[in-house]
Amino acid sequence: MILTEQVINEVLERLDEKVDTKVDLTDDKHLAKLEYIMLFEMNFPFSETHEMLDRLTEKRKPGDVWKTQTGWAGLKPGEERAQYGMSDKETAQKYVSGEEEEKNKSLTGDGEKKEEKPKKKTMTAKDKKREVRVVKDLDEINKETDPIKRHEKMKELAQKRREEIYNMEDLPPGNEGSTLGEMGGGMALEDLSNDPNISEDDWIDGEIKKMEGGKLLKKMGEKKARAWLKIAYQTGKNELKQIQDNKNYKGKKPQKSPFPTGHIMDYHGQRMVKNELEKRLEDAKQSDDEKAIQHYKKQLDYLSERGETDTGVLYETKDGLIGFKHTSNKASLTDPHSNKTIGSKAKSMSKSADRQKERGLFSDEQIENSRTAVQEATRKADKLVRITDRQSSTDMNKIGKDKESRESLRNNASGFLGNLPGSAATKGSNYADKVRKKTGSDYGEIRKELISMGIDPNTATDNEIFRGMQRVLRNGGPVAEKSHSLLSNSKEGEVVSIGKGKFAKLVMIDGKLEPRSCDESGAPAYANNSGKLVYKLAELIKTMRTKLTQAKPKGWKSNWPMEKPYKDKDLKEFGKQYTPALSKDQMKWILESEEADGLENTNEVRKRGMDASHEALVSGIQNSDKELDGYDEDTNGNVVDENGDNGPGTQQYVDSFMEDMHWNLYIDGDHDGVGDMSIGGQNVTPPDFRKCLADLSKFPGDPNDKKALKAHLRKKTRINAKKSTSSETSAISGKSKDAHISFDTMVPDTRRGKEEGAMRPISVGEEAFRSKGVGNNSVVGGLGLDMQNCLEGKMSDRNK
């Protein structure tokens, strides 16, 4: 059978219509439906159906008996399907339609209600296109029976994928910089393996030349591209060093072509690597090589946990096997290591409660009470975040109560769009141009709004862009056309679910009802970047007003601080504190207008709201521990028992943090010899994390006693979300580092602004709430200050 793109697409489209979730070719029920489609709807012969199932799925192999609902897949030609009770179309149809399970549809075997079926997630056109591409490439690769030729073919197709990325075709998750850094690390690894003497400058020059004419270089600019390629070179250099010198990887030295090969683990690279390891496992099984079988099983198990993320290296081991080293890539020690929604964070803590039951150190009642407290605190935090998400809309709509006031605000403030603070608080960037950008714009929602207003977003004026933003924040973002039909029978203002946790309603705009995004309460919902322009404007106002209370600017000749009524010449001079300089009229509006008064604290209120949400979660957990006998606050505000050990709620939180940050895996050694982390091009290994956690927590035992170390960390790691700043308008998020995961040991606090002799607890981790737009929140976890310093020391020692 020829697997043409048309055949694959038709099969996948039919399957998509039959399943209630996104198509999953590793799901037995989906395979059963797929089998039915091919055998009875498309009338494929059994042998050809078996062959196509083989090629469409990576998990099962020829000869395996797949436990699908029909029970046919994997049977050898000629075997009787009747032995499975599936001898005709009608019987199979019962399984495909779910008729056989109807009696158990609503109740479990214990008489309890089953969870509702998740709403259908269709396989998008992009997913289908990717699946077709992967299947075709795997088919081409696997035609090669010789392992070396197969690997060379895979390397050839990987190079083609790299060229696509240089032209910004179907980019992996992440931004352009991280993509270049991650992909470049693999390329540098290969090049340095072939020529260890190639210098960093020569390698970077060569890659810049390859990128010339491509869209990626054009978008990034050469300066930024060189900075990421520098990280890529160091990453490749240290990756090669790790597989050759780190005994856990057992790498052969030197490697023989085509090894080693670097792979970006996107939808394509991940499947190519998985296929190669599975082929090696098949060979090991055929030769009955138990050592090789266990090796490849470990590699594949590890790979299945990672999914489409980060990078990897396939290399030769000293004992003749092919090893896979997975690398989690970070640009710096301050990068996030965990990013979850509030809902998924709650699930993580619930799983932590399950592990707590298995350990049996607390009663089931205590654990369940803590679980309930966590759930209630999470709901409260989520509600606060949703309110905070709307701050830009709230403040803008207060100022623009009517058409005249909106027009006044627009005329006064739109001129700032070309000079809003970018990477520095006092250095402007042209955000209006970012909206006008024809390709790769991050402001698609505002662009769509402009189009609906009859304005070309590519040539829109700053005033028109500001108006488009006002309309989005007042009414909600435009709704995708495919969801319009869901609102066809609704009334004005009626909230309708449009799937994936999103809502919409009909809003009267210029005498016409339009579908607009909203949250479940009906409040306007919009993308993060639509509100970002308001937050940037608020930041500018806050910065310049705050400067009035600080030290006299260098070279200032008039009286200081400036006093009202401000002189025109002073306003003009003061505007030079910003780059490009703000005009006299702009400074007058910033310092004196009621409109600016209404926006001054918009960004700070939003950030404080995120901090308040985090504090609500942490406080709820600590209060639940305080209600237990034997637990009370210590002098530092931690809720502990007489031994200074955390209560069950706090331990659930700590354990979930350790799990989300992968620290449990690092301690257990599950990553040893299969994966590590690259930070700024330098490798950090799992043992580095184990040693730092043991040292910083003052663990009294042997760091290699993994069970004892994890128990110690759960008991002695403290959680906190309180701010120590005296200013009520200051936020924790991003700068103060006070919302931390810490240990009791105190160390000198040398941060800027702290008094001489100030002390702080050892900071091992950071956790903060962030928003990516209304209803799209996240809990971000990272390394604490002292954990960063410890790991930096380990990296420096290793990479001398």
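Scroll up a little and you will see the structure.
Below or above, wherever it landed, is the structure these notes cover.

Procedures and definitions
- In every chain, residue numbers begin from 1 and rise along the written sequence.
- Totals for whole chains, interfaces and linings use all residues, but because this is a predicted model, local features are given only for residues with pLDDT of at least 70 and pairs of side-chain atoms are given and counted only at 80 or more.
- Side-chain figures throughout are based on the complete set of non-hydrogen atoms in the structure, without hydrogens or water.
- Each helix is a run of H or I in the DSSP string that is no shorter than four residues. Each strand is a run of E no shorter than two, and both are numbered from the N terminus.
- Each residue gets one of three labels from its accessible area relative to the maximum for its type: buried under 20%, exposed over 50%, partly exposed in between, using a 1.4 Å probe on protein chains only.
- In this analysis, two residues are considered to be in contact whenever any of their non-hydrogen atoms come within 4.5 Å of each other.
- Put simply, a salt bridge is a Lys or Arg side-chain nitrogen that is within 4 Å of an Asp or Glu carboxyl oxygen.
- The span one expects for a helix is its residue count, reduced by one, times 1.5 Å.
- Note on aromatic pairs: the rings of Phe, Tyr and Trp (six-membered ring only in Trp) are paired at centre separations within 6.5 Å, and the planes decide the class, stacked below 30 degrees, edge-to-face beyond 60, tilted for the rest.
- Whether a charge sits over a ring depends on NZ of Lys or CZ of Arg being within 6 Å of the ring centre and within 35 degrees of the ring normal.
- Cysteine sulfur atoms are paired as a disulfide whenever they fall within 2.5 Å.
- Among the buried residues, those of types Ala, Val, Leu, Ile, Met, Phe, Trp, Tyr and Cys that are joined through side-chain atoms within 4.5 Å form a nonpolar core.
- Two N or O atoms count as a polar contact when they lie within 3.5 Å, although within protein this holds only if one can serve as hydrogen donor and the other as acceptor, and sequence-adjacent residues are included solely when both atoms are side-chain atoms.
- Think of it this way: DSSP has to see at least two bridges between two strands before they count as a pair.

### Describing the overall build of the protein chain
Okay, step 1: When helices and strands are counted, the protein chain shows 29 helices and 17 strands.
Okay, step 2: For the protein chain, the proportion of its 800 residues judged to be buried stands at 51%.
Okay, step 3: Residue pairs in contact within the protein chain that sit at least 24 positions apart in sequence constitute 64% of those at least 6 positions apart.

### A short note on the environment of Ser452
Okay, step 1: Within the secondary structure layout, Ser452 lies in helix α18 (residues 444-452).
Okay, step 2: A C-alpha to C-alpha distance of 9.4 Å links Ser452 and Gly468, two positions 16 residues apart in sequence.
Okay, step 3: The contact partners of Ser452, leaving out residues within four places of it in the chain, are Arg471 and Arg516.

### Some details on the pattern of salt bridges
Okay, step 1: Scanning the entire structure with this criterion turns up 47 salt bridges.
Okay, step 2: We note a salt bridge from Lys325 to Glu239, for which the minimum N-O separation is 2.5 Å. Of this pair, Lys325 sits in strand β3 (residues 322-330) while Glu239 sits in helix α10 (residues 222-245); the two residues are 86 residues apart in sequence, bridging distant segments of the chain. Each member of the pair Lys325 and Glu239 is classed as buried.
Okay, step 3: Across the pair Arg471 and Glu449 runs a salt bridge, and its minimum N-O distance is 2.8 Å. Residue Arg471 is located in helix α19 (residues 462-475), and its partner Glu449 is located in helix α18; the two are separated by 22 residues in the primary sequence.
Okay, step 4: Taking the relative accessible area as the measure of exposure, Glu449 reaches 0% and is therefore buried.
Okay, step 5: Each of Arg133, Asp137, Arg161, Glu164 and Asp266 takes part in salt bridges that share partners, so that together they form one network.

### Looking at helix α11 (residues 267-286)
Okay, step 1: The end-to-end C-alpha distance of α11, which contains 20 residues, comes to 29 Å, matching closely the 28 Å that a straight helix rising 1.5 Å per residue would cover.
Okay, step 2: Of the residues trailing α11, Asp288 is marked for its positive phi of about 55°.

### As for the packing of aromatic side chains
The geometry of an aromatic ring pair is captured by the separation of the ring centres together with the interplanar angle, meaning the angle of the planes.
Okay, step 1: Following the criterion strictly, the structure yields seven aromatic pairs and no others.
Okay, step 2: Relative to Trp560, the ring of Trp556 lies with its centre 5.3 Å away and its plane at 70°, an arrangement referred to as edge-to-face.
Okay, step 3: Look at Trp560 and Phe574: their rings are 5.9 Å apart centre to centre, the planes differ by 45°, and that puts the pair in the tilted class. With Trp560 in the loop between α20 (528-547) and α21 (568-574) and Phe574 in helix α21, the pair connects residues that are 14 residues apart, well separated along the chain.
Okay, step 4: Here the guanidinium or amino end of Lys434 rests over the ring plane of Tyr431, the centre of that ring lying 3.9 Å away.
Okay, step 5: Just above the ring of Tyr535 sits the side chain of Arg606; from NZ or CZ to the centre is 4.3 Å.

### Overview of the environment of Lys18
Okay, step 1: Here Lys18 shows up in helix α1 (residues 5-18).
Okay, step 2: You can call Lys18 partly exposed: its relative accessible area is 27%.

### Focus on the state of the cysteines
Okay, step 1: Per the counting criterion, the structure on display carries one disulfide.
Okay, step 2: Cys692 shares a disulfide with Cys790; S-S distance 2.1 Å. Every disulfide takes its handedness from the sign of the S-S torsion; for Cys692 and Cys790 that torsion is -95°, giving left-handed. A residue pair is termed long-range when its members are at least 10 positions apart, and Cys692 in helix α27 (residues 686-696) and Cys790 in helix α29 (residues 785-798) qualify at 98 residues.
Okay, step 3: Look at Cys692 and you get buried, because its relative accessible area is 0%.
Okay, step 4: The buried category is assigned to Cys790, whose relative accessible area is 18%.

### Section: the nonpolar core
Okay, step 1: Counting 44 residues, the largest nonpolar core has Trp663, Phe689 and Met787 as its most contacted members.
Okay, step 2: Looking at this core, the element that brings in the most residues is α27, giving five residues.
Okay, step 3: When near neighbours in sequence (up to four residues on either side) are disregarded, Trp663 contacts Phe657, Met658, Phe689, Leu693, Val764, Leu783 and Met787.
Okay, step 4: Residues Ala413, Met469, Leu533 and Trp556 belong to the second largest nonpolar core, which totals 42 residues.

### Thoughts on the side chain of Arg371
Okay, step 1: The topology assignment puts Arg371 in helix α14 (residues 364-389).
Okay, step 2: A distance of 2.8 Å separates the side chain of Arg371 from the side chain of Ser350, its partner in a polar contact.
Okay, step 3: If near-sequence neighbours (up to four positions away) are discounted, Arg371 is found in contact with Ser350, Ala353, Asp354, Lys357 and Gln652.

### A word on the pairing of strand β7 (residues 496-499)
Okay, step 1: As paired elements, β7 and strand β8 (residues 502-509) share three bridges and run antiparallel to each other. From the neighbouring strand, Val496 faces β8, where its bridge partner is Ala504.
Okay, step 2: Here β7 hands over to β8 after two residues, with Lys500 in that stretch at a positive phi of 55°.

### Topic: helix α15 (residues 391-399)
Okay, step 1: Every buried residue of α15 is accounted for by Gln391, Ser392, Ser393, Asp395, Met396 and Ile399.
Okay, step 2: On the buried face of α15, the contacting elements are α14, α16 (403-413), α19, α20, α23 (594-599) and α24 (602-626).

This is a description of form; function is not addressed.
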